[in-house]
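So the chains spell out like this:
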Amino acid sequence: MANITFMQKMARGSIYAVLSLIALLTLFPFLYVVVISITSEAEVVRRGLVIIPEAVTFSAYKSVLGSGSGILPAYQITLFRTIVGTALNLLFTVVGAYVLSKRALPGRSGLLLFVIFTMLFSGGLIPTYMVVRTLELTNTIWALIIPGLISVFNLVVVKAFFEQLPVELEESAKVDGAGELRVLFGIILPLSLPSIATIGLFYAVGHWNSYFDAVIYINKSSLMPLQVILRNILLSSQNQQNVEQVNDATVSSLAIQMASVIVSTVPILCVYPLIQGHFAKGVMIGAVKG
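All of these numbers come straight from a predicted model, not from anything done at the bench. (Residues numbered from 1 in each chain as written. Predicted model: local features only at pLDDT ≥ 70, side-chain atom pairs only at ≥ 80, totals over all residues. Heavy atoms only, no water.)

1. Section: unusual backbone geometry
- Of note in this structure, glutamate 136 is not a glycine but carries a positive phi near 60°.
- The topology assignment puts glutamate 136 in the loop between helix H6 (125-134) and helix H7 (152-164).
- Classification of glutamate 136 as exposed rests on a relative accessible area of 67%.
- Despite not being glycine, asparagine 139 shows a phi value in the positive range, around 60°.
- On the secondary structure map, asparagine 139 appears in the loop between H6 and H7. (Helix = DSSP H or I, 4+ residues; strand = E, 2+ residues; numbered from the N terminus. Buried < 20%, exposed > 50% of the residue type's maximum accessible area, 1.4 Å probe, protein only.)

2. Quick look at a nonpolar patch on the surface
- Together, Leu91, Phe92, Val95, Val99, Ile150, Leu181 and Phe185 make up an exposed nonpolar region whose accessible area comes to about 590 Å².
- For the nonpolar patch, the secondary-structure elements that each account for two or more residues are helix H4 (71-100) and helix H9 (180-191).
- In terms of residue count, the dominant contributor to the nonpolar patch is H4 (four residues).
- Along the polypeptide, isoleucine 150 turns up in the loop between H6 and H7. (Patch = residues over 30% accessible without salt bridge, like charges linked within 9 Å, V, L, I, M, F, W, Y side chains within 5 Å. Areas by Shrake-Rupley, 256 points an atom, 1.4 Å probe, with all protein chains shown as cover. Salt bridge = Lys/Arg side-chain N within 4 Å of Asp/Glu carboxyl O.)

3. Digging into the pattern of salt bridges
- For the structure shown, the criterion picks out four salt bridges.
- Taking the shortest distance from any N to any O, the salt bridge between arginine 81 and aspartate 213 comes out at 2.5 Å. In this pair, arginine 81 is assigned in helix H4 and aspartate 213 in helix H11 (residues 212-217), connecting sequence segments 132 residues apart. Each member of the pair, arginine 81 together with aspartate 213, is buried.

4. Regarding the side chain of asparagine 89
- For asparagine 89, the location among the structural elements is in helix H4.
- With sequence-adjacent residues up to four places away left out, asparagine 89 is seen in contact with Gly148, Leu149, Ile150, Tyr203 and His207. (Contact = heavy atoms within 4.5 Å.)

5. A short note on the confidence of the model for the chain
- Of the residues in the chain, 87% have a pLDDT of 70 or more, and the chain-wide mean is 80.
- Confidence, expressed as mean pLDDT per element, reaches its minimum in the chain at helix H13 (residues 241-247) with 42 and its maximum at H4 with 91.
- Counted against residues more than four places away or in other chains, residues 242-249, with its pLDDT under 50, gives seven contacts.
- Note on residues 286-290: pLDDT is under 50 here. Beyond four places in sequence and across chains, it has three contacts. (pLDDT = per-residue confidence, 0-100.)

6. Comments concerning the environment of lysine 102
- Turning to its location among the elements, lysine 102 is positioned in the loop between H4 and helix H5 (108-120).
- Beyond its immediate sequence surroundings of up to four residues, lysine 102 is in contact with Arg108, Glu170 and Glu180.

7. Concerning the packing of aromatic side chains
- For the coordinates displayed, the defined rule picks out seven aromatic pairs.
- Ring geometry for phenylalanine 117 versus phenylalanine 121: centroids 5.0 Å apart, planes at 35°, classification tilted.
- Geometrically, the ring pair formed by tyrosine 129 and tyrosine 217 is stacked, given 6.1 Å between the ring centres and 5° between the ring planes. You can see tyrosine 129 sitting in helix H6 and its partner tyrosine 217 sitting in helix H11, a full 88 residues away along the chain. (Phe/Tyr/Trp six-rings, centres within 6.5 Å; stacked < 30°, edge-to-face > 60°.)

8. Overview of the environment of leucine 201
- If you trace the backbone, leucine 201 turns up in helix H10 (residues 193-209).
- Classification of leucine 201 as buried rests on a relative accessible area of 3%.
- With 67 residues separating them in the primary sequence, leucine 201 and isoleucine 268 have C-alpha atoms 9.5 Å apart.

9. Concerning the nonpolar core
- The biggest cluster of nonpolar side chains holds 38 residues, and the ones touching the most others in it are Val64, Ile71, Ile218, Leu226 and Ile233.
- Going through the elements one at a time, helix H1 (2-37), helix H3 (59-64), H4, H10, H11, helix H12 (226-239) and helix H14 (253-269) are the ones with two or more residues in this core.
- Per-element tally for this core: the top contributor is H14, with seven residues.
- Counting 20 residues, the second largest nonpolar core, distinct from the first, contains Leu90, Leu155, Leu189 and Ile196. (Core = buried A, V, L, I, M, F, W, Y, C linked by side-chain atoms within 4.5 Å.)

Here it is as structure tokens:
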């Protein structure tokens, strides 16, 4: 019995060691980006692979976050888009999923077919742009929110979760005089927090990382989101790379690129711990149950 216990401890220790090694390998690229962003160009050229910098400098962050870079206004646009866009995404997705989850809904099969058809086939870039322009949404913040208001995949996932809830809950609430909105927001949503949190995270990350729609619909520099500004900074630093090396500039183009990655990545990473408790349950929505 003692030998079995010892072998179990050895096996568990080996598993922990392997998982810890994998975790370190996963974190190393991100840590390397952080290190390069606070290391001078001369040290990077001299040492090659830098793990711990000899001298820490924040010149790259000053360059990226400077008043001339346009980062701070872009942050406001991106925060507005992420917060308001995610809230509207969840509202319309939840309401649509709740309606489509009703098996007694007249024409439900046709509506589901119509919705799923849009997931498989889209009108294309030019027709979508023409619709946005006809609605006079170009050069407005709403051009970044309204065209992608509902993700059909997320709607189908939430609908599947609603269908798993006991019908007796709704029936008992309606017997007590509750209407459809009261049932949805008072009973269904509190029971669906894992799915709502997961879908909300997907929407928020999508808004935060998106830049292509802004390039298409927005021409005003004051309405450009964060990702577009960072893209311009990266392109500018790449074009000026040779000049910086000749002039021996204190801020290298590589450090600027790495600082831009950190600036755009860290804020959205802070969202994950807030919904970690719901995320583990939400990702299992739709899984095959034995």
